[in-house]
Amino acid sequence: MNPLFSAPFSSNSVDQEQYDLNSNDDEIDEDEDELLMNESDDECEDLVTPSVPTIEFSRVPSIDLEYVNRWCGKAVDVPCYDGGEFLVGQRFNNKLGLSQYVRQYHIERNQTFKTTESKPLTVTFKCSRKPSPCDWTLRASNKEATNDSFTIVTYKGPHNTSCVVDAPPLDHPNLSNGFIAKHIRTVVDADWGVKISNLRANILTQFNFEPSYMKTWHAKQKAMADLYGDWKESYALLPRYFQALITTNPSTVVKFVHKVGGPSNVHVFDRVFWAFGPSIRGFEHCRPILTVDGTHLYGKYKGVLLIAIGVDANDQIYPLAFAIVDCESIDTWGWFMDCIRKHVTQREGICVISDRHVGIMTTMNKVGGGWTEPQAFHRFCTRNQASNINTKFKSNELKLAFLSTACATQRKRFNKGMQKIGSLNPSAKVLLESIPLSKWSLCHDGGHRYGIKTTNNSECFNGVLKRVRFLPITALVKATFFRINSYFVKHREDANKRLLEGCMWSEKVTEKLAENVKRAAHHKVTCYDARRGLYEVVTGRGNRLGSEVCRANSISSDQYVDPFYSCGEYHGSYRSSFHPVPDESYWMPWMDPGPDDGTILHLQSTHRSQAIWEGEELKPLTLRGHMKAFKAFKVPEAVLTYVNNIQFQGITRLCYVPLDADLITALVERWRQETHTFHLPFGEANVTLQDVAMLFCLRISGRPVTGSSEGGWQDLCVRLLGAIPSTKAIKGSKLKLTWLHDNFQNVANINSQYQLHCHVRAYLLYLFGALLFPDKSGSTVSLIYLPLLENLDQIDDISWGSGVLACLYRNLCKATKVDCFEIAGPLLLLQLWSWERVSIGRPDIVKSRVPRQAGVAYPLGSQVLTGLDPLGCKWLRVQRGFKDHRLGLVVIRDLLDKMVELQFVWQPYTPSVVQHLSPICVQDQAEWTVIAPLICFEMVEWHFPNRCTRQFGWQQMIPEMGNTCTRLHGISRKGDWSGNYETMHQESIAKWENRMSKIVEPGLPFCGLMSFDDEYFEWYNAITRRIITPLSQTVNDDYEDHHYYYPTAADFQILTQTSMVTYNTTEQMISNMPDDIPLTQCAMIEKMRN
């Protein structure tokens, strides 16, 4: 069984089930309240009586007692002779059939036996009468290798008369729960909720023995497992069933949530949400109303079934969405309603009717959750409210008064009802007035309820599923599928019939209109202004004013009926069809994308890859860099000369390059916050301090990029930039890049050292905002970096390379969240890293875009000036050709899924390349493999080169797990936080300063490719996310080969299925081989098996 979907809920005790089974609570209150559907519990069942066969979930209208009571285990070829005794030569289909026959033989005669021998080909039974058994013996064997039949070869019987028990006990020792399960199977199949007491009575009638409650309960569980699968195995089967369901019904939504648990820290089932595609499409034609409710499951494991029900044009229930959770809570209700809002309906103004459960109340009041007004309107079930009042004040009269008041459609009747409530109990009136009237009063509702007062439609459907709630989880989901399909078939036929008959409105609305016309027959109407629709109506009998006005003035009443009641909308609700799910033998093996071991990737449930696998269409991230601004800045020559004499000389050579949003997004989907690495199919890789030095020519050695954020930004600009930004140019610590551009670029005269230093600081600040530390604003740079530039002589003492890498790590971690839609940071570094190492998405350098300098050698084949430039310049100022151009995110993501190690360059920085770069690039190479925190003000991100040692030329070993300090990700500069980051992160700063004490020591040389049976790969495949692209993924039509596209996950499935077939074939060949084969062939066979 796949541990990912092992059973999560604790078992119901037998006492609990006994209580549930004997309970008379049908969860539908049959008091004087008007039921919306006006149908009893049995009528609700009839709503979904299949009009087409529904496999095992067809209801059995009556039980054939003869079929129930007959013994199914005999199946003998030779009939019993007189007296029902066994005979030598008598044959049985299999050993189990023989055993059942022997067991029933002894139960009917009140005698006992025991099995003294049980081998694959023989079995022997003997009398077990104590203290002195008789000679009764039965021995049978399998004489035919072509089948499983057993033939009696020895029989000594019958038993002695002394073997009969004089006073039979209450329970026969040979009456096992397995034997009972065979006899009650048909009864359980006909009624899943049959009481244990009824089953015990049934056994007593058949065999004159009444088994214990526990034995009968276990027998029922076995019968249920035989019919609908084992309870635990059902959890393992569920994802495969949903996978097959989505394959044939692709618009169906399924969302799993799992949790880490157990001694092995595996992922186990926590909850599941599902909504069938036809229901989702059809709900667009229903009124914007949902009633939600929860009902307990009665099976072996505890749980709650959450249900969301709509109402169709004919005032009938419309099943929409389901979820199985462990309990009703703020968390589970919030998750359920969030799934509905994100994946089922985004309609504005939807009305949700429910009880006052704290989980629902919290969800509906959560700002930004999509359920607050005017996006949605929350209303209370009046019946539930009335029950609460009766419970609190112990007054049935008060309860009836509340119901009358809540259902009043006229204000005067409402006010009269409130006065009556106040006279009965003033405290009750005060309590009701403290609740917003729109939540429970029909006349204050604003029409959002459409007159629906209760959650009876949800509870009515609970009644439909009452027996289903006894089933294992996969059988329960199957039951909802088959029953809702039958429901759709029935009402689709009804809707088609009314359309063919030319009816405008649904049946119940037509009846309601006729009733209104009849009630309005005695009204008197006086017209005052027909154009404005101004009439006076004096009622006679009845209270339907509108109908009489329409009749008296020859006005069609159809214009006053909501279109949601029309036959067209009725038909639209059930137009979409369900498609059959193939038999289990045709299901593909379950594709588990991993991780199998959840101890490392413990944030998987909130990762982008999880949402993608579950079918969400996530668009490429919006890239919030400022590279275009960097391109536009014209640097004065004196400033550029000064900057080239410090460590930023390589950065000044970089230039604008368009960023590839699809490539960067695909990389983000493989970034893991837990390890600070990219998880690729063949191992982990990362942007390291080595990459920052090589691509950006930045120093690694030095003190961290940190300081204080204590305000005084205007004064700081005056002191270090020599200018005062306007109020429009500065907001808090954010300074507009356009202000730096307009005031400091291309200045003709710089007359003093102070002016030069101000211009250098302005240019470096511009570099920080546009290239090294860009934020999500799109147009500003933080002045928090400016104090670090105060003493330009000490600027080389700062580890700018580690600060840039910390900024990249932090933005990658943020972007992995499913609710993040944009990314900032030094994205040029990430893209250049990918172009250097990953062949997918890498452009070809066609030619230089600018003339090369005469007499200058370009050994790297581009614009890299020997001894001056970083390697990143290789990809700049050149014309690039994209072989993967316009593939899009989906295709690049899938190419990374099927990527092999040969498509990744582990060591691009060869000696022949490094010798032509700036000396700064290799100046700090001793610090490239430090395991230390990278610091950039509020950002603290750990550097783990031990997880990607192949990038440094060493064999990869299983790395020690380090803590990426996810707690620190909650620290940000939002709200212009004022404080000293040096004090806040002093522990991390101390670790950075002592970084050389923890460095990755050189290992075995890495040559070529690692073997996939390496110990590292066995570990890595268990802890990683193997596949990102789901099986259901498609591509846009503009992709050249979209007709032939299928995701890599399909290849893995085919490989898995082929491997299973190959393994089974090999095992069958081995089993058919003789025992006396040579030893050399034994070795070959063992190799085949492995």
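Now for a quick tour of the structure. (Residues numbered from 1 in each chain as written. Predicted model: local features only at pLDDT ≥ 70, side-chain atom pairs only at ≥ 80, totals over all residues. Heavy atoms only, no water.)

## Here we look at the overall build of the chain
For clarity, the threshold we go by: Numbering of helices and strands runs from the N terminus; a helix is a DSSP stretch of H or I covering at least four residues, while a strand is a stretch of E covering at least two. Relative accessibility decides the category of a residue: with a 1.4 Å probe and only protein chains considered, values under 20% of the type maximum give buried, values over 50% give exposed, and everything between is partly exposed. With residues, only the protein chains shown are counted as cover, and all accessible areas are computed by Shrake-Rupley using a 1.4 Å probe.
For the chain, the helix and strand inventory stands at 38 helices and 28 strands. When the 1090 residues of the chain are sorted by exposure, 53% land in the buried category. Accessible surface for the chain amounts to roughly 49000 Å². Of this, 51% is attributable to carbon and sulfur atoms.

## Some thoughts on the sheet that holds strand β22 (residues 780–782)
Here is the rule we go by: Note: two strands are recorded as paired if DSSP finds a minimum of 2 bridges between them. By definition in these notes, contact holds between two residues if any of their heavy atoms fall within 4.5 Å. Axis lines are fitted to C-alpha atoms, over the contacting stretch for helices. Their N-to-C directions set the angle, which ranges from 0 to 180 degrees.
Reading across from one edge, β20-β21-β22 is the order of the three strands in this open sheet, with antiparallel pairing throughout. Every other strand in the sheet has two partners, leaving β20 (730–731) and β22 as the edge strands with one partner each. Pairing between β20 and strand β21 (residues 734–736): two bridges, direction antiparallel. When the sheet's bridge partners are listed, Lys-731 is paired in β21 with Lys-734. Contacts from helix α28 (residues 737–744) reach β21 and β22 within the one sheet, and its direction differs from that of β21 by about 50°.

## With respect to unusual backbone geometry
Cis geometry marks the peptide bond from Glu-373 to Pro-374; its omega dihedral reads 5°. Checked against the element boundaries, Pro-374 lands in the loop between α11 (358–365) and β12 (376–380). Residues Gly-594 and Pro-595 are joined by a peptide bond in cis, for which omega reads 0°. With respect to the secondary-structure elements, Pro-595 resides in the loop between α21 (567–573) and α22 (608–613).

## With respect to the sheet that holds strand β18 (residues 683–685)
On the basis of which strands lie adjacent, the open sheet formed by three strands has the order β16-β17-β18 and antiparallel pairing. Each having just a single partner strand, β16 (671–672) and β18 make up the two edges of the open sheet. As judged from the three bridges shared by strand β17 (residues 677–680) and β18, these two strands associate in the antiparallel manner. Bridge assignment links His-679 to a residue of β18, and that residue is Glu-684.

## A look at the packing of helix α10 (residues 330–344) against α11
Spelled out, the test is: When an angle is under 35 degrees it counts as roughly parallel; over 145 it counts as roughly antiparallel; between 65 and 115 it counts as roughly perpendicular; any other value is oblique. Crossings are classed by handedness, with left-handed meaning an anticlockwise turn of the near helix from the far one by less than a right angle and right-handed meaning a clockwise turn.
One way to put it is that α10 packs onto α11 with a least axis distance of 8 Å and a crossing angle of 50°. On the basis of the axis angle, α10 is oblique to α11. Viewed along their axes, α10 and α11 form a crossing whose handedness is right-handed. Contacts from Ile-330, Trp-333, Gly-334 and Met-337 of α10 reach α11 at Val-358, Gly-359, Ile-360, Thr-362, Thr-363 and Met-364.

## Digging into the packing of aromatic side chains
How two aromatic rings sit relative to each other is set out by the distance from centre to centre and by the angle between their planes. Inclusion rule: Here a pair means two rings of Phe, Tyr or Trp (six-membered ring of Trp) with centres within 6.5 Å. Their orientation is stacked below 30 degrees between planes, edge-to-face above 60, and tilted elsewhere. The criterion for a charge sitting over a ring is simple: Lys NZ or Arg CZ within 6 Å of the ring centre, and within 35 degrees of the ring normal.
Counted under the stated rule, the structure contains 52 aromatic pairs. Ring centres of Trp-739 and Phe-744 lie 5.7 Å apart, and the angle between their planes is 70°; this geometry places the pair in the edge-to-face category. The pair Trp-739 / Phe-744 is uniform in exposure class, with both members buried. A cation over an aromatic ring shows up here: Arg-995 above the ring of Trp-992, its NZ or CZ 4.2 Å from the ring centre.

## Description of the pattern of salt bridges
Worth spelling out the cut-off: A carboxyl oxygen of Asp or Glu within 4 Å of a side-chain nitrogen of Lys or Arg is what we treat as a salt bridge.
The tally for this structure, following the rule as stated, stands at 28 salt bridges. Between Arg-947 and Glu-684 there is a salt bridge, with its nearest N and O atoms 2.8 Å apart. Residue Arg-947 is located in the loop between β27 (939–943) and β28 (979–980), and its partner Glu-684 is located in strand β18; the two are separated by 263 residues in the primary sequence. The buried category is assigned to Glu-684, whose relative accessible area is 0%. Taking the shortest distance from any N to any O, the salt bridge between Lys-734 and Asp-775 comes out at 2.9 Å. Linking Lys-734 in strand β21 with Asp-775 in the loop between α29 (753–772) and β22, this pair joins segments that are 41 residues apart in sequence.

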